[in-house]
Amino acid sequence: MANVTREEFETLKVELNQFFLLVMGMIVYLMQCGFAFLEAGSVRSKNSTNILIKNLLDSFVAGVAYWVFGFAFAFGPGNKFIGYEYFASAHMPDVQFATFFFQYVFAATAATIVSGALAERCEFVAYFVYSFLITSFIYPVVTHWVWSGEGWLSGGMEYDVGKVAYKDFAGSGVVHVVGGTAAFMGALIIGPRIGRFHSESNTTLDIRGHSVPFAAMGGFILLFGFLAFNGGSELSISNPGNGANVALSVVNTIISGSVSAFFTMLLQKTGLFGNQRWSLLTTLNGALTGMVAACAGCNVYYPWGAAILGFVAAICYKITSWLMVKMKVDDPLDAVAVHFGGGTWGVIAVAFLNKDNGILLKWDQESGLQLAWQLAGFVAIVLWTGFLSLLMFGILRLAGILRVSEDMERKGLDIPKHGEPAYPLESYGHGHIEKVLRMVESGQLQYYMQGYTQNNGEAANNTVNGSGGGNVVQPGYENPEVEMLQQNPNDYVHHREVENTPL
């Protein structure tokens with residue numbers, strides 16, 4: 001080390017920071033897998049393929065949209081409102097590519113939040129539109145306000161106590177309030193799934209997902225990803241104190257998520273906001289809400305502050321989920337409750353729990369001004385995202401391309417939209433049904449029926465002449481199942497399902 005020059009040392013620090021961002025970004029990218037399995041398990045089996053391909057494409061749509069437009073609006077040189085350089089990476093310094101990748105996976109996360117709230121009834125074209133617009137413009141502009149260094153929220157104002165500005169370390173507001181607000185507006189405008197709410201009796205029907213293990217696996221992946229989501233937001237690892245800050249962020253994220261999961265489970269069991277059961281999925285959502293709330297200030301809390309954060313996050317999750325049902329806004333994933341509810345509390349909590357100048361520790365003018373800035377930032381993010389989302393989803397609805405038809409929604413989106421059922425009947429030993437359906441679709445049924453009828457006729461003649469056996473006892477005998485198959489293939493399929501007999 002004695003022979004290393006200062007220039008070489010600084011170069012090594014830059015390289016190490018880039019490596020840190022790339023590794024953390026790769027782990028955050030894995031959260032797309034977590035979202036995919038959580039959402040697939042939380043919808044009915046007839047819509048599994050549809051929700052999986054949407055989650056798959058979230059990262060790819062964001063890859064194009066954020067590369068061409070998003071990063072320039074977010075981190076390109078510009079003014080206090082928006083950036084306007086680095087479109088499609090033009091003239092962007094090479095050292096910025098690691099930053100681009102890390103910020104790109106955050107943008108994809110914001111878009112993925114919305115897909116869960118609109119699951120099982122959103123048109124595929126509408127999905128492309130909102131995913132592209134969120135990652136290319138709506139989210140990047142908010143990012144510029146807070147994280148670019150020249151945005152109006154990060155700039156703050158000078159007061160007698162010094163400069164005070166909006167704080168959001170890992171995105172409780174930037175990522176989760178943006179995603180939660182867009183999810184709420186989308187779910188509100190698209191309307192509830194068929195059968196979710198019964199207006200005449202004023203009752204709510206729980207529409208269960210098809211796989212709790214899938215949802216649980218997705219949730220575990222998300223919990224793992226949040227550690228890099230929050231820890232990686234330190235953005236560097238080579239400067240004094242970076243390692244300690246990353247460790248503190250990770251520890252506080254775990255503590256907040258743990259307390260929130262535990263208290264959410266207790267709230268469910270007591271019956272205050274639930275069905276008095278030890279609910280796995282509710283507990284999982286509670287843990288995710290606690291980690292969402294930790295994003296804004298996980299680097300500035302004492303661990304006991306993170307415990308308080310998680311405790312209140314559980315309450316925010318259950319109240320927001322309850323309000324969504326009362327407003328008859330259908331959110332299959334509880335995405336609004338997790339991300340908007342947890343994100344809102346996370347933004348506000350920074351002003352109260354900050355170990356340096358939080359209201360609970362100092363109670364002075366600076367902490368009061370910090371609360372004012374946190375509220376101002378929250379309101380600005382909600383108004384910006386809410387208005388543009390209302391405009392976007394409203395236009396899609398007026399154009400008639402926001403929601404699938406009632407018939408398609410009832411049948412499921414996997415087969416008519418993608419031709420790839422997640423659980424094809426033929427793979428479970430009932431291939432006769434799948435075979436009939438394929439024959440009807442391909443036009444092969446008439447050729448099969450001609451051969452079947454011809455063979456039946458030959459057997460009948462042979463029986464009358466005494467030269468053969470078979471099941472046909474006289475000429476002109478008609479098989480009722482053949483007649484059923486000819487007249488109505490769907491009735492035949494149902495008949496075979498009831499009888500459980502092969503074709």
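**Quick notes on the overall build of the chain**
Each helix and strand in the chain was counted, giving 19 helices and 4 strands. Relative to its full complement of 503 residues, the chain shows a buried share of 50%. Long-range pairs, those at least 24 residues apart, make up 75% of the contacts in the chain with a sequence separation of at least 6.

**Re helix H10 (residues 280-294)**
Relative to the 21 Å expected for 15 residues at 1.5 Å per residue, H10 spans 21 Å between its end C-alpha atoms, a close match to the ideal helical length. H10 sits mainly inside the fold: 13 of its 15 residues count as buried.

**What to know about the packing of H10 against helix H12 (residues 335-353)**
At their nearest, the axes of H10 and H12 sit 7 Å apart, and the two run at 35 degrees to each other. Taken as a pair, H10 and H12 cross one another with a handedness that is right-handed. From H10, Asn 285, Leu 288, Thr 289, Val 292 and Ala 293 reach across to H12, where they touch Ala 337, Val 338, His 339, Gly 342, Gly 343, Trp 345 and Gly 346.

**As for empty space enclosed by the protein**
Applying the stated criterion across every chain yields a total of 1 cavity of 30 Å³ or more. Its boundaries defined by the atoms lining it, the largest cavity holds a volume of some 100 Å³. If you go around the largest cavity, you meet 14 residues; those closest to its centre are Phe 35, Leu 38, Leu 333, Ala 335 and His 339. Residue classes in the lining of the largest cavity are distributed as 8 nonpolar, 4 polar and 2 charged.

**Points about the packing of helix H3 (residues 48-75) against helix H5 (residues 124-147)**
It is at 8 Å that the axes of H3 and H5 come closest, and there the two elements cross at 40 degrees. Relative to H5, the element H3 is oriented oblique. Classified by chirality, the crossing of H5 by H3 is right-handed.

Reading guide: rules and limits
- Residues numbered from 1 in each chain as written.
- Predicted model: local features only at pLDDT ≥ 70, side-chain atom pairs only at ≥ 80, totals over all residues.
- Heavy atoms only, no water.
- Helix = DSSP H or I, 4+ residues; strand = E, 2+ residues; numbered from the N terminus.
- Buried < 20%, exposed > 50% of the residue type's maximum accessible area, 1.4 Å probe, protein only.
- Contact = heavy atoms within 4.5 Å.
- Expected span 1.5 Å × (residues − 1).
- Axes fitted to C-alpha atoms, helices over the stretch in contact; angles between N-to-C directions.
- Left-handed = near helix turned anticlockwise from the far one by under 90°.
- 1 Å grid on protein atoms, 1.4 Å probe; cavity = no way out; pocket = protein on both sides within 12 Å on 5 of 7 lines; lining within 4 Å.
- Points joined across faces, edges and corners; volume = space filled by probe spheres on them.
- Nonpolar A, V, L, I, M, F, W, Y, C, P; charged D, E, K, R; others polar.
- Parallel < 35°, antiparallel > 145°, perpendicular 65-115°, else oblique.

Taken by themselves, the reported measurements are silent on function.
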